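Observations on chain architecture
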Amino acid sequence: MRKARLRRTRRAGAVTLASALTLTALAACGTSSSKDDDNGSGNSANADPAAPLDPKTKVTITIDCMPPAAKAAELKEWNEDVEEFNKTYPNVTVQGRSTPGQCLEPPRFTAMLKAKSQPDVFYTYFTDLAQVLDNDGAQDISAYVNDRTVPLLKDIDPDVLGSLKQDGKLYGLPTSNYRMGLLINRKLFTQAGLDPDTPPATWDDVRAAADKIAALGGGVAGFGEYSAANTGGWHFTAQMYSLGGDVVDTSGKKAAFNDAIGEQVARNLHAMRWEDDSMGRTQLLKWGDLQKQIATDKLGMFLAAPDDVTYMVQQLGAEYENFGMGPIPGGKNTLAGGNNYMIKKGISPDKVKAAVAWLNFKFTTVGKGHYDWRRAKADGLPVGLPQPNLWLNDSKAEDDAARKRYATMPVENFKAFMDNPVPGKAEPPKAQEIYKVLDNVMSGLLTNKDADIDKLLSTAESQVNQVLATQ
Amino acid sequence: MPAPTLVQDPTAKDRRPRLPRRTRAGAVRHPDAGLARAVRRNLTAHGFLIGAVLCFAFFSWYPIVREFLLAFQKTDNGHVSWVGWDNFVTVWNDPAFGQAWRNTLWFTVLALVLGFAVPFLTALVINEFRHGQGYLRLLVYLPVMLPPTASVLLFKYLYDPGYGMFNEVLAVFGLPAQQWLQDPDTAMLSVVVASTWMNMGGATLIYLAALQGVPGELYEAAELDGAGLLRKVWHVTIPQTRLVLLLMLLMQVIATMQVFIEPFLLTGGAGPEGSTTTVVYLIYQYAFNFNNYGAAAALGLLLLVLLAGFSAVYTRLSRSADD
Amino acid sequence: MSTRTLISPAQLARPRGRLLYWLAFAVVVALFTLAFLGPLYWMVSGGLKTTQEAVQTPPTWVPGSVHPENYRRAWEVMDLARLLLNTLYYAFGALAFQLVLDVAAAYSLSRLRPVLGKAVLGMMLVTLMIPATVLVVPQYLTVLDMPIIQRNLLNSPWVIWLPSVTNAFAIFLLKRFFDSIPRELLDAASMDGAGPLRVLWSVVLPISRPILGVVSIFAVVGVWKDFLWPMLVLPDPTGQTLAVGIYSLATSVPENVLIASLTIASLPTLVLFLVFQRNIMSGLTAGGLKG
C-alpha cells in the first residue's frame, strides 16, 4: 500500500520534472540569447582600433551572402579567397553562410534585425542604413577603417561611401554599386530591325522600339516593368529620376511624385501597356521575373543594373553576348544604389578587425578577390561589365585596364552605357516603405486599362506622406 | 493552428454525474490522510497539465493580451508609449483600409458562392453514383495533400496569360483569352478559384458523410408527392443537412477572412491596383513592411471582433447540433 | 450502395435512366479528371520541358523534347533534400510535443480533474475563437524576446514545436475521447495499484488509437502546410520549411526548374496519401474537419 503511494508520488514528480526539463532545455539550448553576444576568443594584444589585425590573432567571423552551391564558380572563388586570406591571417576562420535565392529580402531582413540574429558581417543595401541603426544593429567602424586597413580607401567613390555614413560615422564597407541603365536583348533588337549598338536614349525612343519588338509576336514584350514586392516602386522611382523628378522632396517629409513628371511617367507606361500593347500581358512581376523573360528572349529591354547580366548567365543559363546596355532613357539622373557589408554591433574589436581585413581583401582590393579578373575569366564568369565599379583615380585606370584585358564579353555592347554617364542619385529615405506604396501605382497602370492616373498618384501621395510622418 | 470544427460544442457540460471519489476498497480513512491525498492527487494532475499550460501561457494567452495592449501603443526605437486611439485613427485614414475591407468582403462572397456551393454540389453528384465513388473522392481530395506553396505557384503558372494552361483550354473551346490574375476585375475571382481547388476536398468529404445520413424514405415520400429532382434537393436534402451546411458556411467565412497565402503568392499580396489587398494582408504589411506594430494590432483587433462574432454564432449552432 | 439517394432506383432501372446515368457518369469522371489531374499533368510535363518551351506562347501540351535533368537540377539548386528534412524535423517534433503534452493535459483534465481544471480548459477553448492570423503579430513579438526566460526563439525549432502545442482543438478532441472511456476499466486498473501514468500508458492510450491517429495527422499536416508563421520565424534560409523555401527560391531559377521543384515537393505527401488514403480520409471525416 505504502509502496504504491510512494510510486505514485514519484510518478507525479517525474511528470513535473519532465515538464520543467523541457523548459530548461528550451531556455538553454538551440536558441540564441537575446541578451549577450559571444565574444571572440583571444585577447587583443593591440587595443588600438586603427591598427590592422595582428596576424597571430585567433578569431572566427561569420558572414552571410556567401555564394550558394548553385553559383559554383563564385563559390569556388570564395573558397580560394578564404584560403589565400588565411595565408596572411592563418588564425582567422571565415564562416560563410549562403543563401540560395536573393541574399536580402526586406521582410526577412527586418526579422533578422529585430531578432539580432545577423551574422558578424552582414549584407545590406545602400538604403538600409537607417533601418539598421534604428535597430541598433551595426557597429561604428570609423576608427577601424583607414589607409592602413583599407589601403585603397582614397580611391573609393565618395558617393558610395556616403551611403554608409551617418553623422560622419562609417558603418560598413561597400561590395558593389550600380547605376541603373537600359538593358537590352541584342538578338531581339536585330530581329526587329533595330540597331543594338544604339539603345533608345529617350522614353519616346523606348516606346517606338518596344512597339517594333513586340510586333515580333510569340509572346515577346518590347519593354518590361516590375509591379510587385517593392520592386515596382523602386523602378517607378528610377523613371522619375530619369526625367529629373523626385519621389520625396528635399525636406524628406513630403511626397514629390504627384506632379507633371509623375504624370508623364505614368501616362507613358499606361500608353505602352494599353495603346501599343508592347509590355507583355503578364504583370505583377518582381525582381527576377524580367531577368527570366529577357534570358529566354521574351523581352526586348528593361531598366537594370549591369550586374544583372552575371545573374542571368549564371543562374538562368543565358549567354552574355546577347545583352547590351545603354544609359537610362531621359538621362537627367539615374538611380544609384548598391550593396555593402555592415558589422554587427557589440562584437569584439578583434572580430571587427578581422572583418575589415577580410572585406578589404575580398571587395576593395584591385586585382584581388572580386577584382581578380584574370581568374574570373578562367572560371567562365562574365568579365567586362562596367559595374560594379567603386573606383576613382589610379585604381580606376588600373582596374578598367584589367577588365578590358580579360574581358569575356564584347565590351562594346556596353559602350553606350559607358560613354554617356548619367549623374547618380541616391534612393529616397524610407525607401522600402515608399516602394511598397508605389507598387500599387505600377500595378494599377499595368493591369487596369481604365486606370485613373490622377487618383493612383494622389492616393499613393497621401500614403507616402503618412509613411514619412511616422518616424 | 486550431480551426473550428464540426464536432460538438467544446464548452458542453460534462453530463456524467460527479461521484465523490472512492477511496480504494472503501477503506475508512483518517481525515488528514484525505487532505494529503487530495493534495497529492492535485499535484499529479497539475504535473500532467503544466507543460501544455505553459505553452498556452507563452504562445497563446500572453499574445492575446499583448494584441490588446499593442493596439494602444506606439514603439519608437524600442521606446513604448501609450497613444490611445491613435493607431485606430491611422488605420482608418489609410486609403487602403476601405479597399481592404471591400476586398475581403468580396473575397468572402466569392468564396461562399464557389468554395461553399461547389463542394456541396460535388458531394451531391458523387453521392448519386453507384460506381467510381472512391476514384472521384480521391481526385477531389488530392489537392488538399499538396504543399500549399506548390499548388499556389502551380496556379500562377497555369494562369499566365501567355504560356498558361487555362488560356490554352479556353482556346480549345474557341473562347477569348483572359487576363486572370492580371486584371483588377478578375484577379480576386482567380484567387478564389485557385483556393477552392486547393481546399474543397475536405468540405466535400464532410458533405458526403452528411448526405449518407439523409433517410431514403424521405425521398420516396417526396416522390409520391410528385416532386422533381430540384424540389427533392430543396425540400429534403438541404433541410436534412441544414446544420452541417450552416456550420460549414460559418467555418468558410471564418477561414476565408483569414486567407493569406493565396493572394500573397499569386498576386504579390496587393494585386492589380490593390484589388487583392485583404485585411490580413494589410495587417502583414503594417507589421512587416512598415514596422508599425501598433497599426497592425489595431486592425487585427477589428478583425478579431468581427470574427469572434462569427465564432460565437458557430459555437451556439454547434451546441444545438450536439443536442 | 444500399442507401437510397436522390434519384430513385426505379428511375435508374429504366433503359433511358440507365443511359442517362452512364452518360452523366462519363461526363463527370472526364470533367473531374481534367479539373484535378490536368493541373498536375501540366506540372509534371512542364518540369520536363526546356526553359524556352516552358515559357512559350502558345504553350505545348506535350513536351517537344524530354529533359528529366531539370528534376535533378531542381533537387540540387534548390537544396530540396535539406528543405524536406527540415520540414520532417519540424513536423515530427511538433507531433511529439503535441502527443506528449496535449495527451497529458487532456488526460489530466478528463480523469484527474485538478482544482481549476475547468477554468484552464475554458481558457484553452477560448483561444479557438481568436483567429490565428490576428495573433501572428503579437506571437511574433513574443518569440523575438520570450518573457521570463529572455530568449530569442527565431530560427530554432522550438519556435515551431512549442506553439503547436497550443492546439485547443486537439486537447478538446482527446479529452472528449478520454471522457468516453468506461470508468470501470480505469478503476480496475487503479485497483491493481497502477498510478495515473501507468493507467494512461497501458489502459487509456491503447484504446485511444483512433483519436491519436486523427490528432497526429492534424499535427503533421498543420506543420507541412503552414506558411506565414514559418516564413516569419525561420528567416535563416538553411532552416526553412519546404513551403517557405520554394517560395523564396522561386524567382532565382528558370521556370522549368521551378515547376520541376513543385512536382518534387508534392510527391512525398501525394505518395503517402495514395498509400494510406483509406485511413486518412476516414480519419479526417471521423474527427471533424478543418479546411
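Moving on to the overall build of chain C. On a plain count of helices and strands, chain C comes out with 15 helices and 1 strand. Relative to a compact globule of 291 residues, whose C-alpha radius of gyration would be 19 Å, chain C shows 25 Å and is clearly more extended. Projected onto the principal axes, the alpha-carbon positions of chain C cover approximately 70 × 65 × 35 Å. When the 291 residues of chain C are sorted by exposure, 51% land in the buried category. A separation threshold of at least 6 residues defines the contact pool for chain C, and within that pool the share at least 24 residues apart is 73%.

Attention now goes to the overall build of chain B. For chain B, the helix and strand inventory stands at 13 helices and 2 strands. Out of the 323 residues belonging to chain B, those deemed buried represent 50%.

To continue, consider the pairing of strand S7 (residues 172–179) of chain A. Residue and element names in this part refer to chain A. Within S7, 7 of the 8 residues are buried, which leaves the element mostly enclosed by the surrounding structure. As paired elements, S7 and strand S12 (residues 334–343) share 7 bridges and run antiparallel to each other. Looking at the pairing, Gly172 lines up with Met342 of S12.

Membership of the largest hydrophobic core comes to 314 residues, with the highest contact counts inside it found for Ile283 and Leu299 of chain B together with Leu174 and Ile246 of chain C. Setting aside residues no more than four positions away along its own chain, Ile246 of chain C makes contact with Thr149, Ala150 and Leu153 of chain B together with Met78, Ser261 and Ala265 of chain C.

Time to look at the interface of chain C and chain B. On the side of chain B, 93 residues touch chain C, which itself brings 90 residues to the contact. A class-by-class count of the residues in the side of chain C that touches chain B yields 63 nonpolar, 21 polar and 6 charged.

Moving on, we get to helix H17 (residues 453–469) of chain A. With 17 residues, H17 of chain A should reach 24 Å at 1.5 Å per residue; the first-to-last C-alpha distance of 24 Å fits that figure. All of the buried residues in H17 of chain A are Leu456, Leu457, Thr459, Ala460, Glu461, Gln463, Val464, Val467 and Leu468 of chain A. Close packing links the buried residues of H17 of chain A with helix H9 (260–275) and helix H16 (431–447) of chain A together with helix H3 (95–128) of chain B.

Along its sequence, chain C is carved into domain 1 (9–72) and domain 2 (79–252). Each of domain 1 of chain C and domain 2 of chain C has a C-alpha centre, and the two are 39 Å apart.

Below, the discussion takes up unusual backbone geometry. Keep in mind that most residues, glycine aside, have a negative phi and that most peptide bonds are trans. Residue Pro388 of chain A is bonded to the preceding Gln387 of chain A through a cis peptide linkage, with omega at 5°. Residue position: Pro388 of chain A is located in the loop between helix H13 (373–378) and helix H14 (393–405). The peptide bond linking Thr57 of chain C to Pro58 of chain C adopts the cis configuration, its omega dihedral lying at -10°. Considering the arrangement of structural elements, one finds Pro58 of chain C in the loop between helix H3 (51–54) and helix H4 (69–77). The phi torsion at Glu273 of chain B lies on the positive side, around 55°, for a residue other than glycine.

In this section: the packing of H16 of chain A against H17 of chain A. Helix-helix packing: each pair is described by the crossing angle between the helix axes and the interaxial distance. Residues and elements named next belong to chain A. Between H16 and H17, the shortest axis-to-axis distance is 9 Å and the interhelical angle comes to 170°. Comparing their axes, H17 and H16 come out roughly antiparallel. Counting all contacts with H16, which are made through Glu433, Ile434, Val437, Leu438, Asn440, Val441 and Gly444, the residues of H17 involved are Leu456, Leu457, Ala460, Gln463, Val464 and Val467. Residues of the contact of H16 with H17, tallied by class, amount to 9 nonpolar, 3 polar and 1 charged.

Looking now at the environment of Ile126 of chain B. Mapped onto the elements, Ile126 of chain B comes out in helix H3. In contact with Ile126 of chain B, other than residues within four places in its own chain, are Gln133, Leu136, Arg137 and Leu208 of chain B.

Another point: the confidence of the model for chain B. All names here are of chain B. The predicted model of chain B has a mean per-residue pLDDT of 84, with 89% of residues at 70 or higher. For chain B, the element scoring lowest by mean pLDDT is strand S1 (residues 73–76), at 81; helix H5 (residues 148–159) scores highest, at 94. Every residue in residues 1–28 is under pLDDT 50, and counting partners more than four places away or in other chains gives 41 contacts.

This paragraph deals with the domain arrangement of chain B. Under the domain assignment, chain B is made up of domain 1 (27–70) and domain 2 (89–322). Taking only C-alpha atoms, the centre of domain 1 of chain B and the centre of domain 2 of chain B are 40 Å apart.

A separate point is the environment of Lys362 of chain A. By secondary structure assignment, the location of Lys362 of chain A is in helix H12 (residues 349–363). Those residues in contact with Lys362 of chain A that sit more than four places away from it in its chain are Asp81, Gly369 and His370 of chain A.

Further remarks concern the packing of helix H8 (residues 231–242) of chain A against H16 of chain A. Residue and element names in this part refer to chain A. Interhelical geometry of H8 versus H16 gives an angle of 85° and a closest axis separation of 6 Å. Relative to H16, the element H8 is oriented roughly perpendicular. Of the residues in H16, those in contact with Gly232, Gly233, Trp234, Phe236 and Thr237 of H8 are Ile434, Tyr435, Lys436, Val437, Leu438, Asp439, Val441, Met442 and Ser443. Within the contact of H8 with H16, the residues separate by chemical class into 8 nonpolar, 4 polar and 2 charged.

On to helix H3 (residues 106–115) of chain A. Taken across its 10 residues, H3 of chain A has 8 buried, putting it largely inside the fold. Those residues of H3 of chain A not exposed but buried are Pro106, Arg108, Phe109, Thr110, Ala111, Met112, Leu113 and Ala115 of chain A. Residues of H3 of chain A that are buried make contact with helix H4 (129–134) and H16 of chain A, helix H12 (279–289) of chain B together with helix H7 (132–144), strand S1 (151–152) and helix H13 (228–233) of chain C.

Once that is clear, we can look at the sheet that holds strand S8 (residues 181–185) of chain A. Residues and elements named next belong to chain A. Strand order in the open sheet formed by 4 strands is S9-S10-S8-S11, with mixed pairing between adjacent strands. Unpaired on one side and paired on the other, strand S9 (221–223) and strand S11 (323–327) mark the two borders of the sheet. The sheet shows a mean angle of 25° between the axes of neighbouring strands, taken without regard to direction. Pairing geometry for S9 and strand S10 (residues 299–304), over 2 bridges, is parallel. For Ala221, the partnering residue across the bridge sits in S10 and is Leu299.

Looking now at the environment of Phe189 of chain A. All names here are of chain A. As for its position among the elements, Phe189 is in helix H6 (residues 186–191). Residue Phe189 is classed as buried on the basis of its C-beta count, with 22 C-beta atoms lying within 10 Å. C-alpha separation for the pair Phe189 and Ile347, spaced 158 residues apart in sequence, amounts to 52 Å. Beyond its immediate stretch of four places on either side in the chain, Phe189 contacts Ile184, Leu194, Pro196 and Gly300.

Glancing now at the confidence of the model for chain C. Residues and elements named next belong to chain C. Residues with a pLDDT of 70 or more make up 96% of chain C, whose mean pLDDT is 88. Segment residues 287–291: pLDDT under 50, and 17 contacts once partners within four positions in sequence are set aside and those in other chains are kept. Two summary scores accompany this predicted model of the complex, namely pTM at 0.85 and ipTM at 0.89.

Conventions and cut-offs
- Residues numbered from 1 in each chain as written.
- Chains lettered and ligands numbered in written order.
- Predicted model: local features only at pLDDT ≥ 70, side-chain atom pairs only at ≥ 80, totals over all residues.
- Helix = DSSP H or I, 4+ residues; strand = E, 2+ residues; numbered from the N terminus.
- Rg over C-alpha atoms; globule rule 2.2 N^0.38 Å.
- Buried ≥ 20, exposed ≤ 12 C-beta atoms within 10 Å, placed from the backbone.
- Contact = placed C-beta atoms within 7 Å.
- Pairing = 2+ DSSP bridges.
- Core = buried A, V, L, I, M, F, W, Y, C linked by C-beta atoms within 7 Å.
- Nonpolar A, V, L, I, M, F, W, Y, C, P; charged D, E, K, R; others polar.
- Expected span 1.5 Å × (residues − 1).
- Domains from an automatic or database assignment.
- Axes fitted to C-alpha atoms, helices over the stretch in contact; angles between N-to-C directions.
- Parallel < 35°, antiparallel > 145°, perpendicular 65-115°, else oblique.
- pLDDT = per-residue confidence, 0-100.

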